[in-house]
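# Topology and contacts: notes
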Amino acid sequence: LRIPPKRQPAEPICLATAPPIGPRRTMPATLTMFAVAPRVAFARPRTCRRPAKAARLVAVASGESSGKATKDFKATWSTDRSLRGDQKVDLNRGEKMTITVPATSANMGPGFDSFGFAVDLENELVLERGAFKVDIIGEGETSLPRDESNAIIKAVKDGYAAIYPDEHLPIDDIKFTSVNRIPPARGLGSSSAALVGGLAAGLALAGQDLAKPQTKQLLLQLAADAEGHPDNVAPAIYGGFQVSINTGKQWVTQAIGLPKGMQAVLFIPEFESLTSETRAALPKEIPTAAAVFNISRAAMLINSFATDNFEALRYACQDVIHQPYRGAAFPMQKMIDAALGMGAHGAFLSGAGPTVLALTGGHGSDVDADTMATFLAVEVADAMLAAAKEDGCEGRAVISAPSPTGVRCKKEETLLRRMGKTSGSVF
């Protein structure tokens, strides 16, 4: 007879509880539950090594919040996985890890620092074992640094340190290849894509599954803390249309439905615009009337997507808080008016600009079933190009679509590994 092994007692899971809603009741500060530890199969026996102070944060117990996530109070999940034994980096020789991150368009007019959606224009970060090297292909290949000063490398280290704060990530033995399709400094979230991609790579190297909700939650806290606002990083992580806030304890985001067949027509100027510079030009205070203007339109924008009533978007995408300042140096408003005049549902400055984005389709015509949606998108693109040309603004038009998917990770064997010419880990 086969005697089953002795069961080990399950580890306690400590869950933070939120303040009660309704009549005041006495509740414990924490709730302790027990769950059966998940089974994890390994190729060879390994001893369990728990990460020191692993930063899986959900809430703070007390004290004033600085608006940033804290790593002092944490809850564990039944599906958490950490690396075991001597395997400290989850990437073997002969494997490559690809992190894909979409472009994003923030603000959407009135939703300053809060609204944003992902666009099907993607960057890729490929990691392989080998001597340290940073290769850049595509956008920024002649201007971005190719050493440890590259923002992606710092983000990779920060992501790994969030799980193993007392350990050093051996990047000297990792080759990085950044394939960039998102144009930098154009208001399409290129810096957020680099930040999210790097942090995601660091978490993945530490053995975290990017498809798990707790990993995405941690990634959102890290990225939004670094950026100071979640409008780009939230859709870069979760995809789709995201509305995000800071509760005073952590960053929280919620998805808004996007209709099938909607298209995003982009006019991307040739000149660059740094977010830090355009943000510095914004007023420090706004009149009450301006706040009411934006609040009402932000509410109408959400309702337009919730009800598929896109006729209201031409008004719901209006803004008086940031667009008049950021679009004053080029024909932003002329391009918005041209897009609306040709039938776009709504149009706005993408992020800090200078890209202008117009929404078409998604209502009454299916881009996969007929040509009407595509025809309208091309007409809007031509109108925006003509308006820009009249004012001497050089650029290009790109017809894209909102992306329902955010950051994702894929690990696969390299050709040499499949040919059997390499094996094992460097550790």
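Summary of the structure given here. Keep in mind it's a predicted model, so treat the numbers as computed, not measured. (Residues numbered from 1 in each chain as written. Predicted model: local features only at pLDDT ≥ 70, side-chain atom pairs only at ≥ 80, totals over all residues. Heavy atoms only, no water.)

### Regarding the packing of aromatic side chains
Counted according to the given criterion, the structure contains six aromatic pairs. Taking 5.3 Å as the distance between ring centres and 70 degrees as the angle between the ring planes, the aromatic pair formed by phenylalanine 241 and phenylalanine 305 counts as edge-to-face. Here phenylalanine 241, found in strand 7 (residues 241-246), pairs with phenylalanine 305, found in helix 6 (residues 288-307); they are 64 residues apart in sequence, far enough to count as distant. Phenylalanine 305 gets classed as buried once you look at its relative accessible area, which sits at 4%. On the basis of an interplanar angle of 65 degrees and a centroid distance of 5.8 Å, the ring pair of phenylalanine 305 and phenylalanine 310 is categorised as edge-to-face. Clustering of aromatic rings is evident, with ring pairs tying together Phe115, Phe241, Phe305 and Phe310. Over the aromatic face of phenylalanine 293 sits the side chain of arginine 297, whose NZ or CZ is 3.5 Å from the ring centroid. (Phe/Tyr/Trp six-rings, centres within 6.5 Å; stacked < 30°, edge-to-face > 60°. Helix = DSSP H or I, 4+ residues; strand = E, 2+ residues; numbered from the N terminus. Buried < 20%, exposed > 50% of the residue type's maximum accessible area, 1.4 Å probe, protein only. Lys NZ or Arg CZ within 6 Å of the ring centre and 35° of its normal.)

### A look at the packing of helix 2 (residues 190-205) against helix 3 (residues 213-227)
Where helix 2 contacts helix 3, the axes come no closer than 10 Å and their chain directions differ by 135 degrees. When the axes of helix 2 and helix 3 are compared, the pair comes out oblique. At the point where helix 2 passes helix 3, the crossing takes the right-handed sense. Contact residues: Ser191, Ser192, Leu195, Val196, Leu199, Ala200 and Leu203 in helix 2; Thr215, Leu218, Leu219, Leu222, Ala223, Ala226 and Glu227 in helix 3. Residues that form the contact of helix 2 with helix 3 fall into these classes: ten nonpolar, three polar and one charged. (Axes fitted to C-alpha atoms, helices over the stretch in contact; angles between N-to-C directions. Parallel < 35°, antiparallel > 145°, perpendicular 65-115°, else oblique. Left-handed = near helix turned anticlockwise from the far one by under 90°. Contact = heavy atoms within 4.5 Å. Nonpolar A, V, L, I, M, F, W, Y, C, P; charged D, E, K, R; others polar.)

### Considerations on unusual backbone geometry
Each neighbour pair has its own omega, and for glycine 353 with proline 354 the value is 10 degrees, a cis peptide bond. In this structure, alanine 185 is a non-glycine residue whose phi angle is positive, near 55 degrees. Owing to a relative accessible area of 16%, alanine 185 belongs among the buried residues under this scheme. One non-glycine residue, aspartate 308, lies in positive phi territory at about 60 degrees. With respect to the helices and strands, aspartate 308 occurs in the loop between helix 6 and helix 7 (313-316). Exposure remark for aspartate 308: the relative accessible area of 37% places this residue in the partly exposed category.

Geometric descriptors of this kind do not, in isolation, establish any biological role.
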